[in-house]
Amino acid sequence: MAEPIYVAKPYLPPLEEFFPYLEKIWESKILTNGGPFHQQLEQALCEYLGVQHLSLCTSGTLGLVTALQALGIQGEVITTPYSFVASAHSLLWNGIQPIFVDIDPDTLNLDPKKIEAAITPRTTAILPVHCYGNRCDVESIRKIGEKHGLKIIYDSAHAFGVRDEGGSILRHGDLSVLSFHATKVFHTFEGGAIVSPDAATKEHIDHLKNFGFVNETTVVKPGINGKMSEINAAFGMLQLQHIDAALAQRKEVDAMYRRAMRGTTGIRILAGSAESENNYSYFPILVEEEYPLSRDALYQALKEQNIHARRYFYPLIADFPMYRHMPSASPDNLPFATIAARKALCLPIYSALTEDEIERIVNIVNGVWPCNRNPSVPLKSVAPSCEIQ
Ligand SMILES: Cc1ncc(COP(=O)(O)O)c(C=O)c1O
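Residues numbered from 1 in each chain as written. Predicted model: local features only at pLDDT ≥ 70, side-chain atom pairs only at ≥ 80, totals over all residues. Heavy atoms only, no water.

A. Geometry of the sheet that holds strand E11 (residues 267–269). On the basis of which strands lie adjacent, the open sheet formed by three strands has the order E11-E12-E14 and antiparallel pairing. At either end of the open sheet lies a strand with only one pairing partner, and these are E11 and strand E14 (344–347). On average, each strand axis in the sheet is tilted by 35° relative to the strand beside it, whichever way the strands run. Relative to E14, strand E12 (residues 283–287) runs antiparallel, the two sharing four bridges. If you follow isoleucine 285 over to E14, its bridge partner there is leucine 345. The sheet strands contacting helix H8 (residues 295–304) are E11, E12 and E14, and the helix crosses E14 at an angle near 25°. (Pairing = 2+ DSSP bridges. Helix = DSSP H or I, 4+ residues; strand = E, 2+ residues; numbered from the N terminus. Axes fitted to C-alpha atoms, helices over the stretch in contact; angles between N-to-C directions. Contact = heavy atoms within 4.5 Å.)

In structure tokens:
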């Protein structure tokens, strides 16, 4: 059996590059509580991402939970069912009722045209997700938020480094939350961050993630322990030195996939938004009716060859037991999300994925219904003019 290929492989810089960071931690004996690496990484990420204020935390999930706390969100929040389950779980952890609204069939992000019909007197916020790192329709969502006095918290777990014509997409909304989980483009083993629009909001979040302490003896809120440790923050500093190279390699992988499958009948590749700078965090394909196999059969065919694609996002969040009784979770309310959950398959993508491995994957996808690419031409040298479908 050939070597396994997983959907993601964490980027790890050479181990010896991490030793000096560890030595510093051992010397200082500062292991957490907003130590020097924590401060450095917050600063460095603000500069790299092009945002003003950022609070590190222990995970994206905890970032979402804390962001909702920071804005005092209650009642009902409109969100997408087509995401990782943590998006909606963060609402339940705050005693908030998620209201699921369907997605746009082209972007697979929350469809702004359907949001207003779901607003009730209890609605206080919208929690959209930049799914697969593809930008939400931030302008339409902003207008709806303004018109109805709703806060907007973006789940930007997939969107590290994604930009639009005006800069980082993390600047949109009242708060934006990143995940630095091991499978993400930029990771700190586990970790996350909340991007705030102003210093006061960041300070408030910093108190919340530190049990609510504002000084040695004063606690202003029932906060939580959400502080990123020095070891994770130090790793983030090292990771940041390699991130541009890792993103460039991902871009090549993405381009090779697109070239190799551009003529494959029944395989739809999501277009990244033209004006945005993508991060190539996922490579979702949609297995359409014309393809000779169902999505699940293709998933199995890959698995039999030790290739572990993932059916993100199946099942829909709305189909999990703690959500499915909710009226907004009904498949009738979510026709496009229901279809996407049945068709989507995320192929492996990571910076170390080799051309041979990509060939192995696309040969299975295309082998079922061969594309019109000449297999003797290496993927890298296929003319860019026929890149994207
Ligand atoms: C869309 C989305 N939101 C939230 C999370 C939660 O992030 P974390 O794993 O860092 O808690 C993840 C992923 O892991 C995710 O994919």
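Now that the structure has been shown, we can carry on.
B. View of empty space enclosed by the protein. Under the criterion given, the structure shown has two cavities of 30 Å³ or more. For the largest cavity, the calculated volume is near 90 Å³. Looking at the largest cavity, the residues that line it are Tyr132, Asn134, Asp254, Arg258, Ile269, Leu270, Asn278, Tyr280, Tyr282, Phe283 and Pro284. Mapped by element, the contributors of at least two residues to the lining of the largest cavity are helix H7 (230–261) and E12. Within the lining of the largest cavity, the residues separate by chemical class into seven nonpolar, two polar and two charged. The computed volume of the second largest cavity comes to approximately 50 Å³. Along its surface, the second largest cavity is lined by Lys9, Pro10, Tyr11, Ala182, Thr183, Lys184, Val185, Arg250, Tyr350 and Ser351. Its residues placed into classes, the lining of the second largest cavity shows five nonpolar, two polar and three charged. (1 Å grid on protein atoms, 1.4 Å probe; cavity = no way out; pocket = protein on both sides within 12 Å on 5 of 7 lines; lining within 4 Å. Points joined across faces, edges and corners; volume = space filled by probe spheres on them. Nonpolar A, V, L, I, M, F, W, Y, C, P; charged D, E, K, R; others polar.)

C. Fine view of the packing of aromatic side chains. Tallied over the full model, the rule gives 17 aromatic pairs. When the centroid spacing of 5.0 Å and the interplanar angle of 80° are considered together, the rings of phenylalanine 180 and phenylalanine 186 count as edge-to-face. Judged by relative accessible area, which is 0%, phenylalanine 186 ranks as buried. Aromatic rings pair up to connect Phe18, Tyr21, Phe37, Phe189 and Phe235 into one cluster. It is arginine 295 that lies over the ring of tyrosine 314; its NZ or CZ is 5.1 Å from the centre. (Phe/Tyr/Trp six-rings, centres within 6.5 Å; stacked < 30°, edge-to-face > 60°. Buried < 20%, exposed > 50% of the residue type's maximum accessible area, 1.4 Å probe, protein only. Lys NZ or Arg CZ within 6 Å of the ring centre and 35° of its normal.)

D. Expanded view of the site of the ligand. Residues in close proximity to the ligand total 15 residues, the closest being Gly60, Thr61, Asp155, His158 and Ser179. Side-chain polar atom of histidine 158 to an oxygen atom of the ligand: 2.8 Å apart, as the coordinates give it. Within the complex, 92% of the 390 Å² of free accessible area of the ligand lies under protein. Counting atoms within 2 Å of the grid points, the majority share of the ligand lands in the largest pocket. Contributions of two or more residues to the shell around the ligand are made by helix H3 (60–70) and helix H4 (86–92). Partitioned by chemical class, the residues of the shell around the ligand number four nonpolar, nine polar and two charged. (Near = heavy atom within 4 Å. Polar contact = N/O pair within 3.5 Å; in protein donor to acceptor, adjacent residues only side chain to side chain. Areas by Shrake-Rupley, 256 points an atom, 1.4 Å probe, with all protein chains shown as cover. Sits in = over half its atoms within 2 Å of the grid points.)

E. View of the pairing of strand E5 (residues 123–127). Taking burial as the measure, the five residues of E5 include four buried ones, the bulk of the element. Inspection of the sheet shows strand E3 (residues 76–79) paired to E5 by four bridges, in the parallel sense. Of the residues in E5, the one forming a bridge with glutamate 76 is threonine 123. Following the chain from E5 across helix H5 (residues 138–148) to the adjacent parallel strand E6 (residues 151–155), one finds a crossover that is right-handed. (Right-handed = clockwise from strand over helix to strand, strands pointing away.)

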